[in-house]
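Here is how the chains run, residue by residue.
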Amino acid sequence: MREPEEGEKNRVVIITGMSGSGKSAALRALEDIGFFCVDNMPVVLLPKFLKIQSEERANPPTVALVMDLREEGFLGKYEKVFRRLENRGYRITIIFLDAGDDALLHRYSETRRIHPLAVQGSILESIGLERAKLAHLKSMASKVIDTSSCNVHQLKDIVQRIFLSDRDKKKLLFIHVSSFGFRYGIPVDADIILDVRFLPNPYFVETLKSLDGHDNKVMDYVLTSKEAGIFREKLIDMMHFLLPLYEREGKTRLSIALGCTGGKHRSVVMANSLGKYLSSTDYPFQIGHRDILKG
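Criteria and cut-off values
Residues numbered from 1 in each chain as written. Predicted model: local features only at pLDDT ≥ 70, side-chain atom pairs only at ≥ 80, totals over all residues. Heavy atoms only, no water. Axes fitted to C-alpha atoms, helices over the stretch in contact; angles between N-to-C directions. Helix = DSSP H or I, 4+ residues; strand = E, 2+ residues; numbered from the N terminus. Parallel < 35°, antiparallel > 145°, perpendicular 65-115°, else oblique. Contact = heavy atoms within 4.5 Å. Nonpolar A, V, L, I, M, F, W, Y, C, P; charged D, E, K, R; others polar. 1 Å grid on protein atoms, 1.4 Å probe; cavity = no way out; pocket = protein on both sides within 12 Å on 5 of 7 lines; lining within 4 Å. Points joined across faces, edges and corners; volume = space filled by probe spheres on them. Left-handed = near helix turned anticlockwise from the far one by under 90°.

*Asks:* Just checking my understanding: could you explain the packing of helix H9 (residues 216-223) against helix H11 (residues 266-278) for this structure?
*Replies:* Packed helix pairs are characterised by how far apart their axes lie and by the angle those axes make with each other. At their nearest, the axes of H9 and H11 sit 10 Å apart, and the two run at 85° to each other. Considering their axes alone, H9 and H11 lie roughly perpendicular with respect to each other. Across the interface between the two elements, Val218, Met219, Val222 and Leu223 of H9 pack against Arg266, Val269, Met270 and Ser273 of H11. Here the residues of the contact of H9 with H11 sort into six nonpolar, one polar and one charged.

Okay, here's the thing in structure tokens:
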């Protein structure tokens, strides 16, 4: 869990914005890194809530709250409440989530939820009215995030990286390495799929056929080939190039799958070889062998 830094003891994060823009997902993202999160608290209760938090806990976590038009009277009261808290020494950080009309219409169509301002008008009219009502609050925001093209995972990455230190950001990129057999299908959750069926196949060596890629004899047979040496060198070079770029884009999980025919020999050896390289880096990682026990 993320501990609040010294300058953040009195920080309060307000997540607000357009209905359907992803505020609940943003709140969950902050909860995952140690924030104390509350959804849809009446803004007039915020000062009392913060007072109770400070009285009951010697080192209270940073608080994050979703506040928006669902609360009747929010628009007429938020500015006065926020100003009062700032006068008491609290630092209010407003994160405003926005999205284009087309994206919001599509999301309402998918979820079939009712817009909080919908009465008799269309959803598009309700979106326009909400956008106008929230214009001043948006102008006060410390950060405006356009979620039009974001999925929930991308939004989570964006929100978390606003508040994590550089040290903690490094820990966010988790690498999952797996071996698999093409015979049993391609892993649907893999970000990078590498086909190692060009390597010498131990399956056709009678003394190695019944063994798997963890066995030293199989490892020696695969890794001592010229092709394996070149491939491993290029794979490591690719990792040097890609991993910092994925970090910069805010990716939190990278799945690399290496496949051979049956998932028992060559892919296992090369997945383990990649894991050996990753063990020399600061990246957290995990290795799995999906099909090693099949066939």
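*Asks:* Honestly, the layout of surface pockets in this entry has me stumped. Any pointers?
*Replies:* Over the atoms a probe the size of a water molecule is rolled, and this reveals where empty space is left. In this structure, the largest pocket encloses a volume near 620 Å³. Gly20, Ser21, Gly22, Lys23 and Arg113 are the residues nearest the centre of the largest pocket, which is lined by 26 residues in total. The set of elements that each furnish at least two residues to the lining of the largest pocket consists of helix H1 (23-31), helix H4 (101-111) and helix H7 (152-163). Take the lining of the largest pocket: its biggest share by element is six residues, from H4. Grouping the constituent residues of the lining of the largest pocket by class yields nine nonpolar, nine polar and eight charged. Considered as a void within the structure, the second largest pocket measures approximately 310 Å³ in volume. In terms of lining residues, the second largest pocket is bounded by eleven residues, among which His153, Gln154, Asp157, Lys251 and Thr252 are the most central. Broken down by element, the residue count for the lining of the second largest pocket peaks at four residues, all from H7.

*Asks:* Mind showing me how you'd approach the packing of H1 against H7 here?
*Replies:* Orientation of H1 relative to H7, taken along the N-to-C sense of each, is 50°, at an axis distance of 9 Å. With respect to H7, the element H1 is oriented oblique. Crossing handedness for the pair H1 and H7: right-handed. Judged by residue contacts, Ala25, Ala26, Ala29 and Leu30 of H1 engage Val152, Leu155, Lys156, Val159, Gln160 and Phe163 from H7. Split into classes, the residues belonging to the contact of H1 with H7 amount to eight nonpolar, one polar and one charged.

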